[in-house]
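Analysis of the macromolecular model
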Amino acid sequence: QRSQDEELLKEEEEEDHNLQLSRETENATIHNVEEEMAESVQPAIDKTSDDAIRVEFASNQEFTRVTQKARQQPKEPKEEARLAQRYASISDVGERAFAILKDLYMI
């Protein structure tokens, strides 16, 4: 009976040891996969961030160019006449002020 108990205990210990080795191997595999993913994904994240910065910069440059043109004085006579006619057609003073500020990209 005693040797049978000892044998069962030894088998359980061996199973526990194998289970522990299996967990360690699984954890190591997960860690390796995470590292590989991080290495492959990070350049894509960096590129996306760089692209977003370039788009934002280009957008800001375009906005600056458009606002400078809108605010440039004096305007050409044809442009002055067009704007005067447009603003004169707006009877409400508040609406006219809003249209002017919007055309100047101030709102």
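Refer to the structure presented above.
Residues numbered from 1 in each chain as written. Predicted model: local features only at pLDDT ≥ 70, side-chain atom pairs only at ≥ 80, totals over all residues. Heavy atoms only, no water.

What about helix H3 (residues 93-103)?
For H3, the side-chain oxygen to backbone nitrogen distance between the N-cap and Gly94 is 3.0 Å, and the N-cap itself is Asp92. Phi turns positive one or two residues past the end of H3, at Tyr105, with a value near 60°. (Polar contact = N/O pair within 3.5 Å; in protein donor to acceptor, adjacent residues only side chain to side chain. Helix = DSSP H or I, 4+ residues; strand = E, 2+ residues; numbered from the N terminus.)

Structural notes on the packing of helix H2 (residues 77-88) against H3
Angle between the axes and distance between the axes are the two parameters that describe a pair of packed helices. It is the contact of H2 with H3, at a shortest axis distance of 9 Å, that shows an interaxial angle of 145°. The segment H2 lies against H3, with Leu83, Arg86 and Tyr87 engaging Arg96, Ala99, Ile100 and Asp103. Grouping the constituent residues of the contact of H2 with H3 by class yields 4 nonpolar, no polar and 3 charged. (Axes fitted to C-alpha atoms, helices over the stretch in contact; angles between N-to-C directions. Contact = heavy atoms within 4.5 Å. Nonpolar A, V, L, I, M, F, W, Y, C, P; charged D, E, K, R; others polar.)

Some thoughts on the pattern of salt bridges
Enumeration over the complete set of coordinates arrives at 3 salt bridges. Ionic pairing is found between Arg65 and Glu62, a salt bridge with its closest N-O pair at 2.6 Å. Residue Arg65 and its partner Glu62 are both found in helix H1 (residues 2-71); the two are separated by 3 residues, about one turn of the helix. The closest approach of N and O atoms between Asp103 and Arg86, which form a salt bridge, is 2.3 Å. Taken together, the residues Asp103 in helix H3 and Arg86 in helix H2 connect sequence positions 17 residues apart. Asp103 sits in the partly exposed class, given a relative accessible area of 26%. (Salt bridge = Lys/Arg side-chain N within 4 Å of Asp/Glu carboxyl O. Buried < 20%, exposed > 50% of the residue type's maximum accessible area, 1.4 Å probe, protein only.)

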